Amino acid sequence: MKKVMISLVAMMMALGVSAQHKSTSSTPFNEGKWMVGMSASGLDLSWHKGEKWNIDLEAKAGYLFIDNWMVLAKLAYNNSTYGKSSFGLGANLRYYVEQNGIYVGAGLDFRHAHGLDDFLPEVNVGYAFFVSRHVTIEPELYYELSTKCSDYSGLGIRIGASYYF
């Protein structure tokens, strides 16, 4: 009886270690996962020298091509106090640090407005806070640099929500 009990305990411990190993290898930022999301900036959460007030709305989709590395595509709309609306397309690369949700990123956006086409390199840092298994709230600090006019360069905070699958 003693040998049977020891054997059962050993098997349960082995199964527990195996289950624990499997659960830690399945993280939110594994290769092959997708992300879709939206974010907003402006509303006095950003600063651009040439604007008093603006609003930025972005739709984005990403793919984790290697663990912790995501490539993103963005579609953006911007409206400012000067009545200039712009549309944009962009591509970003994001790296998730240590599976804890903190990420750093860099990318290039193209914006088109009446009379102005501009490329804006961008760097950002943010945090993917999981509110459920698949849904995140993502606050992000960013800096974008205008290649046409320094008035359109800016620093800001973006608030987004994303779905990982």
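It should be emphasised that the depicted structure is a prediction, and the values quoted were computed from it without experimental measurement.

## Comments concerning the overall build of the protein
At step 1: Looking only at helices and strands, the protein has 1 helix and 10 strands in total.
At step 2: In the protein, the succession of helices and strands from N to C terminus is α-β-β-β-β-β-β-β-β-β-β.
At step 3: The long-range fraction of contacts in the protein, counting pairs at least 24 apart against all pairs at least 6 apart in sequence, stands at 49%.
At step 4: Here the protein displays about 9,900 Å² of accessible surface, and carbon together with sulfur accounts for 70% of that area.

## Quick notes on the nonpolar core
At step 1: In terms of nonpolar packing, the biggest core is built from 9 residues, these being Phe 29, Met 35, Leu 64, Met 70, Leu 72, Tyr 96, Tyr 103, Ala 128 and Tyr 164.
At step 2: Sequence-distant contacts of Tyr 164, that is, excluding residues within four places in its chain, are made with Pro 28, Phe 29, Trp 34, Met 35, Met 70, Arg 94, Tyr 96, Ala 128, Phe 130, His 134, Thr 136 and Glu 138.

## Digging into empty space enclosed by the protein
At step 1: Per the counting criterion, the structure on display carries 2 cavities of 30 Å³ or more.
At step 2: By volume, the largest cavity amounts to about 80 Å³.
At step 3: What lines the largest cavity is a set of 14 residues, and nearest its centre among them are Lys 74, Asn 92, Arg 94, Asn 124 and Glu 140.
At step 4: For the lining of the largest cavity, the secondary structure elements donating two or more residues are strand S3 (54-66), strand S4 (69-80), strand S5 (85-96), strand S6 (102-113) and strand S7 (116-127).
At step 5: Split by residue class, the lining of the largest cavity holds 4 nonpolar, 3 polar and 7 charged.
At step 6: Approximately 40 Å³ is the volume found for the second largest cavity.
At step 7: In terms of lining residues, the second largest cavity is bounded by Glu 58, Lys 74, Leu 75, Ala 76, Gly 88, Leu 89, Gly 90, Asp 109, Phe 110 and Arg 111.

Definitions and cut-offs
- Residues numbered from 1 in each chain as written.
- Predicted model: local features only at pLDDT ≥ 70, side-chain atom pairs only at ≥ 80, totals over all residues.
- Heavy atoms only, no water.
- Helix = DSSP H or I, 4+ residues; strand = E, 2+ residues; numbered from the N terminus.
- Contact = heavy atoms within 4.5 Å.
- Areas by Shrake-Rupley, 256 points an atom, 1.4 Å probe, with all protein chains shown as cover.
- Core = buried A, V, L, I, M, F, W, Y, C linked by side-chain atoms within 4.5 Å.
- Buried < 20%, exposed > 50% of the residue type's maximum accessible area, 1.4 Å probe, protein only.
- 1 Å grid on protein atoms, 1.4 Å probe; cavity = no way out; pocket = protein on both sides within 12 Å on 5 of 7 lines; lining within 4 Å.
- Points joined across faces, edges and corners; volume = space filled by probe spheres on them.
- Nonpolar A, V, L, I, M, F, W, Y, C, P; charged D, E, K, R; others polar.

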